[in-house]
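# Structure assessment
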Amino acid sequence: MEIDISATAVIHPGVVFRGSARVEDGCIIGAPIAGYDEQPETVIGDGAVLRSHTVIYAGNRIGENFSTGNKANIRELNSIGNNVSIGTMAVVEHHVLIGDNVRLHSQSFVPEYCELEDGVWIGPNAVLTNTKYPLSPEAKAEPLPVKLGKGAIVGANATILPGVTVGTDSLIGAGSVVVKDVAPHSVVAGNPAVFIRNKDELPYG
């Protein structure tokens, strides 16, 4: 087991690496969160590659073969599966559930309480949202998280509005604005996104 931690990285108490890891310059792992007398444990599985200036807050439980791009920001108390990649300057807020084999590309955004099932792929600059009225006093108390079903693909620059469920093996076209639930195995695109065809009708099968 080899753990290679840069001299400029900050590893807070309560961080556990369960196997090999590479932690590059300027990373902050296990950053303290408010409201806890004792910080929750942060667990990172075998084979992690945390690229420069990644910040991971306390209380995350992360599986094997996890990787980040530069300046990825991962807030507290998330559950992240195996073989997950979170790209450069992507942001994952708190209490997010991420399954296995999930890819978040650069500058994508996942707000709190969203759920990404196994095999989800999110393109660059894609944004999930979880509140209809951000300035409302109830906004944080009553979030409307997005759920992405197994194998769903979200194209670059797409936006998914609060409370939307994207079905299993569906495809959201690049630049789309998704305002309502997407049925499994569907291709949708546009603003607002509309049904285009079934996924199995695509030329690549």
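A brief look at the structure comes next. Values in this document were obtained by computation on a predicted structure and should not be read as measured data.

### Details of the packing of aromatic side chains
Applying the stated rule across the entire model yields zero aromatic pairs. Above the plane of the ring of tyrosine 57 lies arginine 75, whose end atom (NZ or CZ) is 5.5 Å from the centre.

### Remarks on the sheet that holds strand 7 (residues 48–50)
Taken together, eleven strands build an open sheet; the order of strands is 1-4-7-10-13-16-19-22-25-27-28 and the sheet is mixed. Each edge of the open sheet carries a strand with a single partner, namely strand 1 (3–5) and strand 28 (193–198).

### Concerning the environment of valine 127
For valine 127, the position within the fold is in strand 20 (residues 127–128). A residue is classified by how much of its surface remains accessible, and valine 127, at 26% relative accessible area, is partly exposed. For the pair formed by valine 127 and valine 110, sequence separation is 17 residues and the distance between their alpha carbons is 6.6 Å. Once you skip the residues sitting within four places of it in the chain, valine 127 turns out to touch Phe109, Ala158, Thr159 and Ile160.

### Quick word on the nonpolar core
Residues Leu50, Leu116, Ile122 and Leu148 are the most contacted members of the largest nonpolar core, which totals 44 residues. When residues of this core are traced back to their parent elements, those giving at least two are strand 3 (15–18), strand 4 (21–23) and strand 7.

### Points about the sheet that holds strand 24 (residues 165–166)
Taken in spatial order, the eight strands of this open sheet run 3-6-9-12-15-18-21-24, and their pairing is parallel. Edge positions in the sheet fall to strand 3 and strand 24, since each has one partner strand and no second. Strand direction decides the pairing type here: strand 18 (residues 115–116) and strand 21 (residues 147–148), joined by two bridges, are parallel. Within strand 21, the position partnered with leucine 116 by the bridge is leucine 148.

### Quick look at a nonpolar patch on the surface
On the surface, a nonpolar cluster with roughly 200 Å² of combined accessible area is contributed by Ile3, Ile5 and Ile11. Within the element layout of this structure, isoleucine 11 appears in strand 2 (residues 10–11).

About the criteria used
Residues numbered from 1 in each chain as written. Predicted model: local features only at pLDDT ≥ 70, side-chain atom pairs only at ≥ 80, totals over all residues. Heavy atoms only, no water. Phe/Tyr/Trp six-rings, centres within 6.5 Å; stacked < 30°, edge-to-face > 60°. Lys NZ or Arg CZ within 6 Å of the ring centre and 35° of its normal. Pairing = 2+ DSSP bridges. Helix = DSSP H or I, 4+ residues; strand = E, 2+ residues; numbered from the N terminus. Buried < 20%, exposed > 50% of the residue type's maximum accessible area, 1.4 Å probe, protein only. Contact = heavy atoms within 4.5 Å. Core = buried A, V, L, I, M, F, W, Y, C linked by side-chain atoms within 4.5 Å. Patch = residues over 30% accessible without salt bridge, like charges linked within 9 Å, V, L, I, M, F, W, Y side chains within 5 Å. Areas by Shrake-Rupley, 256 points an atom, 1.4 Å probe, with all protein chains shown as cover. Salt bridge = Lys/Arg side-chain N within 4 Å of Asp/Glu carboxyl O.

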